Amino acid sequence: MRRVPLLILCLLALSGCASSSTWGWYVIDPTTSQGMTNIRFLIGGMGQTILISVIAAAISIFLGLVIALPALSERRGVRLINRIYVEFIRSIPLLPMLFWVFYGLPIVFKSMGLNVPIDPFWGAIITLALSDSAFTAEIYRAGIQSIARGQTEAAQTIGLNYVQTMRYVILPQAIRRILPPLANQFIYIVKMSAFASVIGMQELTRRANELVVTEYRPLEIYTLLILEYLVLVLIISAGVRWLERRMGSDERT
Amino acid sequence: MPNAAIEMIGVNKWFGDFHVLKDIDLTVGEGERVVICGPSGSGKSTVVRCINRLESHQKGTIRVDDTELTDARGSIDAIRSEVGMVFQQFNLFPHLTVMQNLTLGPMKARGLSRAEAEERARKYLARVRIPEQAEKRPGQLSGGQQQRVAIARSLCMEPKVLLFDEPTSALDPEMISEVLDVMVELAEEGMTMIVVTHEMGFARKVADQMVFMDAGEIVETGPPSEFFAAPRSARCREFLSKILQH
């Protein structure tokens, strides 16, 4: 099943080659120097896409855990903190949040007497991490709650405190269940990082847009763009499966 | 009567509107073995779980070794450090080896070095007669072996009191005796124990005091000789006739 989209793309490409009036592959023809330059320019955005995705995911994985823990409290007031954060952040579409962070947040900082400029790079990372953290928090919560209550009780009876119980007993068991959906979220971040193009991040999508403006070949260039994301996501998927095997997430318990 | 290891005075607990424990008075002396029995839902597990604050009580006093159990973190920690617990479902940590299950508490909660903790773990594994299973995971052991590891895990904390919450109820019949044998040995060594169980043979052998509970109340207490021969209350007689007829 995973080969189907590839197959469709191949067919599109072949039919395109046949009738040169609709397709103009010369813009990204690696045998010509101009084509090669264009390809280099497009793929050159890969580093930025990967970098903002990885940093945003790292922040989100940490932040998500911090947000998830209050949800497990026995006190309603503490649980409420989690609920408000998750419901609020989860309901903001990514693009408006990006605008708010990039154009609005510096004004908030300024009013507080802080001079913190937010460049496109950090604007994108903050937005992606914040937006994603609400989802990772829910993943953590579900994973931790799936560990039987008796595990916490046993940990308490051998004198472990809250942090030790989480660190040595609950999280190591939960992480095996959490990893697959967390990896899913990482793929989501990689794709959502395309929004960073609108605030001027030189990542994959921005570069494709810029090339389209000069070359007038949207079909070919955006096709290559899609393939770039496809390759990126397939590499991540393979990495995740390797990690799952190593941590035993693929085993049934 | 030796010093009281555990004292419960007028303990009451509600789950919402449901009155699970009604004026529980129970004193367990040092080195004493108390067996609690009663029909399911009678509150016997809740009594045990209140002693180490897995459940909180709303009224009354619980003292362990003269430390009163309150909401204060210090009081809860102090009491848990003296009270070990063995669960019906074992509750071993499945991602750790037997050895790691046993050394986790001593190393993290008591600050023992790995070498000290492992030495202690080997001692108690030998005591529950499974020294050869140290490197296995709980999932690779039989139920009886798992419960013996759970007992060893509690012993590694060197508690003054051990609580057993239906320790053999989740076991296949042929594995019950290997767990009970270990418990009898502990009793003979003078461990203070509160055991919730339906194993009346075990109760006769080791109990100093029998407690019968029904509907959240302690209905009857007494030494096993009187308790089994001549139960005073009708509810207790009925219960015993049901579980002893086979």
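The structure we're discussing is the one just above.
Residues numbered from 1 in each chain as written. Chains lettered and ligands numbered in written order. Predicted model: local features only at pLDDT ≥ 70, side-chain atom pairs only at ≥ 80, totals over all residues. Heavy atoms only, no water.

Asks: Sorry, what's going on with the environment of Pro 167 of chain B here?
Replies: All names here are of chain B. Examined against the element boundaries, Pro 167 turns out to sit in the loop between strand 7 (161-165) and helix 6 (173-188). For Pro 167, a relative accessible area of 0% puts it in the buried group. In this structure the C-alpha to C-alpha distance between Pro 167 and Ala 150, which are 17 residues apart in sequence, comes to 9.7 Å. Ignoring anything within four residues of it in the chain, the contact list for Pro 167 reads Val 86, Phe 87, Gln 147, Met 183, Val 195 and Val 196. (Helix = DSSP H or I, 4+ residues; strand = E, 2+ residues; numbered from the N terminus. Buried < 20%, exposed > 50% of the residue type's maximum accessible area, 1.4 Å probe, protein only. Contact = heavy atoms within 4.5 Å.)

Asks: Could you clarify how one ought to interpret the packing of aromatic side chains in this entry?
Replies: Given two aromatic rings, one states the distance between the centres and the angle between the planes to describe the pair. Tallied over the full model, the rule gives 5 aromatic pairs over all chains. Both rings, one in Phe 121 of chain A and one in Trp 122 of chain A, keep their centres 5.3 Å apart while their planes meet at 90°; by these two values the pair is edge-to-face. Its relative accessible area of 41% is what places Trp 122 of chain A among the partly exposed residues. Note on Phe 227 of chain B and Phe 228 of chain B: the rings are 5.3 Å apart at their centroids and 90° apart in plane angle, and the pair reads as edge-to-face. When sorted by exposure, Phe 227 of chain B lands in the same class as Phe 228 of chain B, which is buried. Here the aromatic cluster, defined as three or more aromatic residues joined through ring pairs, consists of Phe 99, Phe 102 and Tyr 103 of chain A. Positioned above the aromatic ring of Phe 93 of chain B, the side-chain terminus of Arg 153 of chain B is 4.5 Å from the ring centre. (Phe/Tyr/Trp six-rings, centres within 6.5 Å; stacked < 30°, edge-to-face > 60°. Lys NZ or Arg CZ within 6 Å of the ring centre and 35° of its normal.)

Asks: Can you walk me through the packing of helix 4 (residues 76-90) of chain A against helix 6 (residues 120-145) of chain A in this structure?
Replies: The axes of two packed helices give the description: the angle between them and the distance between them. Residues and elements named next belong to chain A. Between helix 4 and helix 6, whose axes approach to 8 Å, the crossing angle comes to 135°. In this view, helix 4 runs oblique relative to helix 6, as classed from their interaxial angle. The element helix 4 and its partner helix 6 pack so that their crossing is left-handed. Listed contacts from helix 6 to Asn 82, Arg 83, Tyr 85, Val 86, Ile 89 and Arg 90 of helix 4 are Leu 130, Ser 131, Ser 133, Ala 134, Phe 135, Ala 137, Glu 138 and Arg 141. (Axes fitted to C-alpha atoms, helices over the stretch in contact; angles between N-to-C directions. Parallel < 35°, antiparallel > 145°, perpendicular 65-115°, else oblique. Left-handed = near helix turned anticlockwise from the far one by under 90°.)

Asks: What exactly am I supposed to notice about the sheet that holds strand 1 (residues 4-15) of chain B here?
Replies: Working definition: the strands of a sheet are paired by backbone hydrogen bonds and lie parallel or antiparallel to each other. Residue and element names in this part refer to chain B. The 4 strands are arranged 2-1-4-5 in an open sheet whose pairing can be described as antiparallel. The strands lining the two open edges of the sheet, one partner per strand, are strand 2 (18-29) and strand 5 (67-68). Across 5 bridges, the pairing between strand 1 and strand 4 (residues 59-64) is antiparallel. Within strand 4, the residue paired with Ile 6 across the bridge is Val 64. Packed onto the sheet, helix 1 (residues 44-51) meets strand 1, strand 2 and strand 4 and runs at close to 120° relative to strand 1. (Pairing = 2+ DSSP bridges.)

Asks: So what exactly am I meant to see when it comes to helix 8 (residues 162-192) of chain A here?
Replies: One turn of the α-helix equals 3.6 residues, which is why residues spaced by three or four share an orientation. Residues and elements named next belong to chain A. In this model helix 8 runs just 35 Å from its N-terminal to its C-terminal C-alpha over 31 residues, more than 12% under the 45 Å that 1.5 Å per residue would give. Of all the bends found along helix 8, the most pronounced is centred on Ile 170 and spans about 50°, while Pro 172, a proline, follows it within four residues. For helix 8, the side-chain oxygen to backbone nitrogen distance between the N-cap and Val 163 is 3.2 Å, and the N-cap itself is Asn 161. (Expected span 1.5 Å × (residues − 1). Bend = angle between axes of the 7 residues up to and from the residue. Polar contact = N/O pair within 3.5 Å; in protein donor to acceptor, adjacent residues only side chain to side chain.)

Asks: Explain the sheet that holds strand 7 of chain B to me, please; I cannot follow it from the model alone.
Replies: Residues and elements named next belong to chain B. The strand order across the open sheet formed by 6 strands is 6-7-8-3-9-10, and the pairing between neighbours is mixed. The open sheet has two free edges, formed respectively by strand 6 (83-86) and strand 10 (217-222), since each of these has just one partner strand. Taking each pair of neighbouring strands and ignoring which way they run, the sheet shows an average axis angle of 20°. Of the strand pairs in this sheet, strand 9 (residues 209-214) and strand 10 are connected by 5 bridges, and their pairing is antiparallel. What sits directly across from Met 210, in strand 10, is Gly 222.

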